[in-house]
Amino acid sequence: MRTRVLLAAVASFPLLLPAALPAQADAPQGQFTGSVEVVEVLLDALVTDKDGNVILGLGAEDFEVLENGQPQQIASVAFYSNRRLAQAAPAALEGQLNPAAAPDSRYFILFLEDQKRKDADSPAALTREQLRAFQRAEDWVRTEVLPNDWVAVTSWDTRLRVQQDFTRDHEALIAALGAAARGEEGKGVWPSRATATRTGDEPSLIAALPSGKELSKATARLEQALTVLGKAAATVRGRKNLLLFSTGFGEVTNFGNYTPDKRYYPPMMQALNSANVAVYGLDLTPSGVANPFRDSLNHLAEDTGGRFYYNFVNFATPLKQIVEENSGYYLLSYTSRKPIGESGFQKVTVKVKNPGFQVRSREGYGFGPTKG
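Here goes a summary of the coordinates provided. (Residues numbered from 1 in each chain as written. Predicted model: local features only at pLDDT ≥ 70, side-chain atom pairs only at ≥ 80, totals over all residues. Heavy atoms only, no water.)

Here we come to the sheet that holds strand 9 (residues 240-246). If you trace the six strands from one edge of the open sheet to the other, you get 8-7-6-9-12-13, paired in mixed fashion. Each edge of the open sheet carries a strand with a single partner, namely strand 8 (160-167) and strand 13 (307-309). Each adjacent strand pair in this sheet contributes to an overall mean axis angle of 15 degrees, direction not counted. Where strand 7 (residues 150-156) meets strand 8, five bridges bridge the pair, whose relative direction is antiparallel. From the neighbouring strand, Val153 faces strand 8, where its bridge partner is Gln164. (Pairing = 2+ DSSP bridges. Helix = DSSP H or I, 4+ residues; strand = E, 2+ residues; numbered from the N terminus. Axes fitted to C-alpha atoms, helices over the stretch in contact; angles between N-to-C directions.)

Pasting the structure below:
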């Protein structure tokens, strides 16, 4: 989710009346309403039927957006889709949707938690599940990623690495996955280098990331890496799908249950929500191994409008489902008034009026000056 400040309302001042005129009993005395910012909120939403098929042809009248239980006036609704879906959909054939007018760029970020530090005794310095994930991700690039899709490859062990910034070059993506599997540094996170090698409106994570030691310091924990990555992704308009291959994060209680780390989870969740990043958690825990931390992947997926996958036979299955689910989504726009100078996180609820449809969106958005 992204927000943009549109305008600032002028503060109202006390009403000054001439002394000879009698004061009106109902005249406001010394009233000050304060200054407000009118913020444009962009909120993406996936709408499907009970079988997971994408619903097309919806407009502003089909949605309801609530802030603190209060309905918001939706200004516009845009449908984003790949051409293959739009041209095959009945709604398009009936004239409800113009395929040529539907933006078809999708954004995927592959984020691979390197398991070598957790399984140093593994023969190939890689866990079996991680190796399977890399192999299926390469197949996914070859068979499921469309020509207009933008994909980036990132990894983390004790700091964030970007093996490949957003690109449509499938061979470059496959090479980047291989580099991530080997634990290589990648191309380096140097914004000046990224700017020099990119043209036009190409999206970029590197251009918005800190570099060098600053990046290492800021991403020492997995949650911190996701926070920083979310903030960088905020520069790209639209829905970003982060495919998180991990065994989880957070803390475990004395009873052996997962609990989020209050120092790191809220800023991570808010950064991802504010940037329109939906997290799809893919569990790297080997079959039969108990892991309370996997609940963190489900927690984050629910909070960001993504989905959690575990106990699957082949990584190819969830990867294919993620692509199909993101064949079309709606981007809702509305304005919200916030006090100037204040910052925080606004929770949002999105509903569809048709009870037969299902909608998934994220928890809310950040507003006001950012800290740090």
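More follows now that the structure is in view.
The subject of this paragraph is the packing of aromatic side chains. Each aromatic ring pair is described using two quantities: the centre-to-centre distance and the angle formed by the ring planes. Counted under the stated rule, the structure contains eight aromatic pairs. Ring plane angle 40 degrees and centroid distance 6.0 Å describe the contact between Phe245 and Phe315, whose orientation is recorded as tilted. Residue Phe245 is found in strand 9, and its partner Phe315 is found in the loop between strand 13 and helix 10 (316-325); the two are separated by 70 residues along the sequence. A residue is classified by how much of its surface remains accessible, and Phe245, at 0% relative accessible area, is buried. By relative accessible area, Phe315 is classed as buried at 0%. Look at Phe308 and Tyr310: their rings are 5.1 Å apart centre to centre, the planes differ by 15 degrees, and that puts the pair in the stacked class. Take Phe308: its relative accessible area is 14%, and that puts it in the buried class. (Phe/Tyr/Trp six-rings, centres within 6.5 Å; stacked < 30°, edge-to-face > 60°. Buried < 20%, exposed > 50% of the residue type's maximum accessible area, 1.4 Å probe, protein only.)

Now for the pattern of salt bridges. Counting across every chain of the model gives 18 salt bridges. For Glu129, the salt bridge identified is with Arg132, shortest N-O distance 2.7 Å. With a gap of three residues between them, Glu129 and Arg132 both fall in helix 3 (residues 128-143), about one helical turn apart. Judged by its relative accessible area of 22%, Arg132 falls in the partly exposed class. A salt bridge links Asp139 to Arg136; its shortest N-O distance comes to 2.8 Å. In this pair, Asp139 and Arg136 are both assigned in helix 3, three residues apart and thus about one turn of the helix distant. Linked through salt bridges whose partners overlap, the residues forming this network are Arg221, Glu223, Asp261 and Arg263. (Salt bridge = Lys/Arg side-chain N within 4 Å of Asp/Glu carboxyl O.)

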